[in-house]
Structure formats: structure tokens, C-alpha cells
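# What the coordinates show
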Amino acid sequence: MKKINFSAGPSILPQEVMQATAEACKDFNGIGLSLMEMSHRSKDWQAVMDDIDSLFKEVLGVPQGYSVLFLGGGASMQFCMVPYNFLEKKAAYLNTGVWAKKALKEAKLFGEVVEVASSADANYTFIPKDYSVPADADYFHITTNNTIYGTEIRKDIDSPVPLIADMSSDIFSRPVDVSKYAMIYGGAQKNLAMAGVTFVVVKDELLGKVSRTIPTMLDYRTHIDKGSMFNTPPVVPIFSAYKTLQWIKKSGGVEEMERRAKARAELLYGEIDSNKFFRGTAVEEDRSLMNICFVMKDEYKELEKDFFDFATSRGMVGIKGHRSVGGFRASTYNAMPLEGVQALVDTMKEFERTH
Ligand SMILES: *Cc1c(COP(=O)(O)O)cnc(C)c1O
């Protein structure tokens, strides 16, 4: 049976991206070498690096004065690289979930951290909106999509200080006004590529302002100077990101990705809200279009495992909610076709009919 992959990450990718990446691993561009064994200094690979740089900038709309980097270490490495490079005295963080909190914790190693607001007391079911960012903070860090809790900041907020965003799980799902950010970063394995590469979009003029010494590998300027090839880059993940970007562009860009995301989310939230067994966990106005979290209503709690088995038998994969939320989470990233969500909705309807 063809499985429908709702995993939160690593997650679904367009079929053609996986095929093209697998092909390149066998024989890259017909040169008689696998992508896995060829030199990253070869002109064939350099062409990919040049191309992905311009394609990434084109698809996301990255203005002049910003660099795009492809690094190792995951988004988690950025939790320390951000304060290493930007925190001189004080930084502000919005605590909207486990990932946001991990970023905040790391920043504390480098200076004073102000948690401007937190929804931890409500198990992160909403995005706090009533807060003020200290004007003397070096930067303000947000997590635009809270992968575990299914909440999302779907607009480019105003910040009195440089704004830095972890967009691991909603990058390329909507048009972003990059000029409002000092930096955007994320692990690629949610909406861009296979695991193993991390993207960074950083405003060049903001670098080099901290007084500390930064280890070479952790200094963004090292990687800007060397076009993300100071050391050996993760070529296979980068190649899959390259193919995904081509797919996004060909499909109609981030505007089309957003239109599709809205259609998927509307369909699934609609069913969650009307089905007698389920309820959504995030407050309505902050619902994520990428990770849709729902649970069995209290009076039907004991049916949770039944529904999980029911959905699994119909080919649904990765719908178990994170242990800190429970219930179910359907991740509906860019590559999820509407038919996949329709199949889940049909499964929920059938469960309602038969139980
Ligand atoms: C998955 C995720 C991370 C962690 O990414 P790694 O690449 O595994 O370090 C960080 N932030 C968010 C929002 C995520 O969804």
C-alpha cells in the first residue's frame, strides 16, 4: 500500500526530488561518478552551489545585502551560533515551545536573556502577543512555527531590534518579507530537503559587531567568505534542497505553496472541528498550517489507540502527536498533496460513522 507520510521531520518530499537525488547518487549529471564520491571542488558541484544560491534568493525573495549559507549542525547548532555572533550584552526571546526554549537556554551561555513572553503555562497552545521587546536588546529571537504544538506566527512581525527567526518548519510555505529580519535559519528536513543541511539567511552588515572571539567554524563570516565551502559541505542534502527549490519555483513559487497550505489546513481543521470525536489543541487564531495537532475529546479518550490503528491500517504514517501534546499531529508540509489530507479526512469521517 502507498503510505501517506504525515511525519513532522524528516518528512515528505516531492517524489521527483527523491528520484532526482537518488539518480545523482548513482551517476551525477552523467559524468560517471556518484554525487557521494565526487569532489566538492569540482566544477560540476560548484555549478550546483552557484545555482542554489541564486535560486534560494529568487524563490524566497532575499534582497541585496544578505548571504545565504548551507551549513551542518542542524537548527540546534544555530541556537548557539546566533548568540555567539550577535549577543553582546542582552537578547530577547519569545518562548513559544520546546525549540524556542532550547534556543533561549543556549543564549544564556553568552549574556543576559530576556524572555519577553511565554505560553508555557498553557502548554504552548497559543502565541503570546502582549509583550514588549527591550529597545537595548541586541536582537529578538522568535520561532515562527512551533512544530510540536502546532502554532504559527504567519506574518512578519515588527521588532524594534534586529529580528532573528527559526523557520525550520515553515520556510517556503508563504511569502516572507526578508528585509524585516536580521537572520532566518532552519534545519532543512521539514520543508526543504533530506536531513543533514541547515540554511541560514543573514544580513551581512550586522555581523562582526560582538567583541568576543568566535571560533572559525562558528563564525558566519567564515562561511560567507567561502561560499558555504570552508569545509566539505553535505552535498547530498544540499542537492535535494536544490531540487526542492526547482520544484517550488516550477510549481508557482511561495505564493502557490501558501495557497496549497491554506487549502490543506482548511480541509483538515474543518474536519477536526466538525467530527464528534476530535478537537484541535492550538487556539484557533494561532493554528499552524504546517503541523495540525488534534486529540480525542475527553469523553472519547479511550478511542485514541483505536483511531491510531484505524488510520495506520489505511496507510497513514507519522500521525502520532508529540509526547508533550499527545493525540495526533498531521504535518502538512509543502510536498503533501491535497489528496493526502483528503484521505486522512475520509478516514476520520469513516471512523466517526463506524464507532
Ligand atoms: C526540528 C526543529 C528544530 C531542530 O532541528 P535540528 O535540525 O534537528 O537541529 C529546531 N527548530 C524547529 C522549529 C524545529 O521544527
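Residues numbered from 1 in each chain as written. Predicted model: local features only at pLDDT ≥ 70, side-chain atom pairs only at ≥ 80, totals over all residues. Heavy atoms only, no water.

Taken as a whole and assessed by the stated rule, the structure comprises 21 aromatic pairs. With 6.3 Å between their ring centres and 70° between their planes, Phe86 and Tyr139 make a pair best called edge-to-face. Here the residue Phe86 occupies a position in helix H3 (residues 74-86), and Tyr139 occupies one in the loop between strand E4 (112-118) and strand E5 (140-143), the gap between them amounting to 53 residues. Like Phe86, the residue Tyr139 is buried in the burial classification. Geometrically, the ring pair formed by Phe277 and Tyr300 is edge-to-face, given 4.7 Å between the ring centres and 75° between the ring planes. With Phe277 in the loop between helix H7 (253-274) and strand E11 (278-280) and Tyr300 in the loop between strand E12 (291-296) and helix H8 (304-313), this pair connects stretches of sequence that are 23 residues apart. We classify Phe277 as buried; its relative accessible area is 1%. Overall, Tyr300 belongs to the partly exposed group, its relative accessible area being 24%. Three or more aromatic residues joined by ring pairs form one cluster here, namely Phe277, Phe278, Phe294, Tyr300, Phe307, Phe310, Phe328 and Phe351. The positively charged end of Arg314 is found above the aromatic ring belonging to Phe310, 3.7 Å away from the centroid. One cation-aromatic arrangement involves Lys320 over Phe308; the distance from NZ or CZ to the ring centre is 4.7 Å. (Phe/Tyr/Trp six-rings, centres within 6.5 Å; stacked < 30°, edge-to-face > 60°. Helix = DSSP H or I, 4+ residues; strand = E, 2+ residues; numbered from the N terminus. Buried < 20%, exposed > 50% of the residue type's maximum accessible area, 1.4 Å probe, protein only. Lys NZ or Arg CZ within 6 Å of the ring centre and 35° of its normal.)

Another aspect to go through is the pairing of E12. Summarising burial for E12: six of the six residues are buried, a large majority. Here E11 pairs with E12 via three bridges, running antiparallel. Bridging across to E12, Gly280 finds its partner in Phe294. Taken together, the four bridges between E12 and strand E14 (residues 328-331) define a ladder with antiparallel strand orientation. Counterpart to Ile292 in the pairing with E14 is Ala330. (Pairing = 2+ DSSP bridges.)

Here we take up the sheet that holds strand E9 (residues 183-187). On the basis of which strands lie adjacent, the open sheet formed by seven strands has the order E2-E10-E9-E8-E5-E3-E4 and mixed pairing. This sheet does not close on itself; its edge strands, each paired only once, are strand E2 (66-71) and E4. Within the sheet, the average angular offset between the axes of one strand and its neighbour, ignoring direction, is 20°. Inspection of the sheet shows strand E3 (residues 90-95) paired to E5 by two bridges, in the parallel sense. Pairing of Tyr93 across the sheet is with His141, part of E5. Here helix H2 (residues 43-60) sits on the sheet and contacts E2 and strand E10 (198-203); the angle it forms with E2, its principal contact strand, is near 120°. Contacts from helix H4 (residues 98-107) reach E3, E4, E5, strand E8 (163-166) and E9 within the one sheet, and its direction differs from that of E3 by about 165°. (Axes fitted to C-alpha atoms, helices over the stretch in contact; angles between N-to-C directions. Contact = heavy atoms within 4.5 Å.)

With an omega of -10°, the peptide bond between Gly9 and Pro10 qualifies as cis. Relative to the helices and strands, Pro10 is located in the loop between strand E1 (4-5) and helix H1 (15-26). Non-glycine residue Tyr124 carries a positive phi angle of around 55°. Overall, the relative accessible area of 6% leaves Tyr124 in the buried class. A positive phi angle, close to 60°, is found at Ser228, a residue other than glycine. For Ser228, a relative accessible area of 5% gives the class buried.

Here E3 pairs with E4 via six bridges, running parallel. Residue pairing across strands places Lys90 opposite Glu112, the latter belonging to E4. Crossover connection from E3 via H4 to parallel E4: handedness right-handed. (Right-handed = clockwise from strand over helix to strand, strands pointing away.)

A few words now on the sheet that holds E14. Here we have three strands laid out as an open sheet, ordered E11-E12-E14, and antiparallel in their pairing. The outermost strands of the open sheet, each flanked by one partner alone, are E11 and E14. If you compare each strand with its neighbour and ignore which way they point, the axes differ by 30° on average. Packed on one face of the sheet, H7 meets E11, E12 and E14 and runs near 10° to E12.

A few words on the packing of H7 against helix H9 (residues 338-354). At their nearest, the axes of H7 and H9 sit 9 Å apart, and the two run at 5° to each other. What the angle tells us is that H7 and H9 run roughly parallel. When H7 is examined against H9, the residues Ala263, Arg264, Leu267, Leu268, Glu271, Ile272 and Ser274 are found in contact with a partner set consisting of Leu338, Val341, Gln342, Leu344, Val345, Met348, Lys349 and Glu352. Class assignment of the residues belonging to the contact of H7 with H9 gives a composition of nine nonpolar, two polar and four charged. (Parallel < 35°, antiparallel > 145°, perpendicular 65-115°, else oblique. Nonpolar A, V, L, I, M, F, W, Y, C, P; charged D, E, K, R; others polar.)

Moving on: the site of the ligand. Neighbouring residues of the ligand: 14 residues in total, closest Ser76, Thr147, Asp166, Gln189 and Lys190. Between the ligand and Ala75 there is a distance of 3.0 Å, counted from an oxygen atom to a backbone nitrogen or oxygen. Interatomic distance of 2.4 Å between a side-chain N/O atom of Thr147 and an oxygen atom of the ligand. Of the residues belonging to the shell around the ligand, the class tally is three nonpolar, nine polar and two charged. (Near = heavy atom within 4 Å. Polar contact = N/O pair within 3.5 Å; in protein donor to acceptor, adjacent residues only side chain to side chain.)

Once the domains are mapped, the protein shows domain 1 (16-251) and domain 2 (252-354). At the interface, 28 residues of domain 1 touch 27 residues of domain 2. Interface of domain 1 and domain 2: buried area, both sides summed, is about 2,200 Å²; carbon and sulfur atoms make up 53% of it. For the pair domain 1 and domain 2, the interface holds three salt bridges. Lys129 is paired through a salt bridge with Asp286; the nearest N and O atoms lie 2.9 Å apart. The interface formed by domain 1 and domain 2 contains 18 residue pairs in polar contact (both at pLDDT 80 or more). Only strand E7 (151-152) and helix H6 (235-251) provide two or more residues apiece to the side of domain 1 that touches domain 2. Class assignment of the residues belonging to the side of domain 1 that touches domain 2 gives a composition of ten nonpolar, ten polar and eight charged. (Domains from an automatic or database assignment. Buried area = accessible area lost by both parts, 1.4 Å probe. Salt bridge = Lys/Arg side-chain N within 4 Å of Asp/Glu carboxyl O.)

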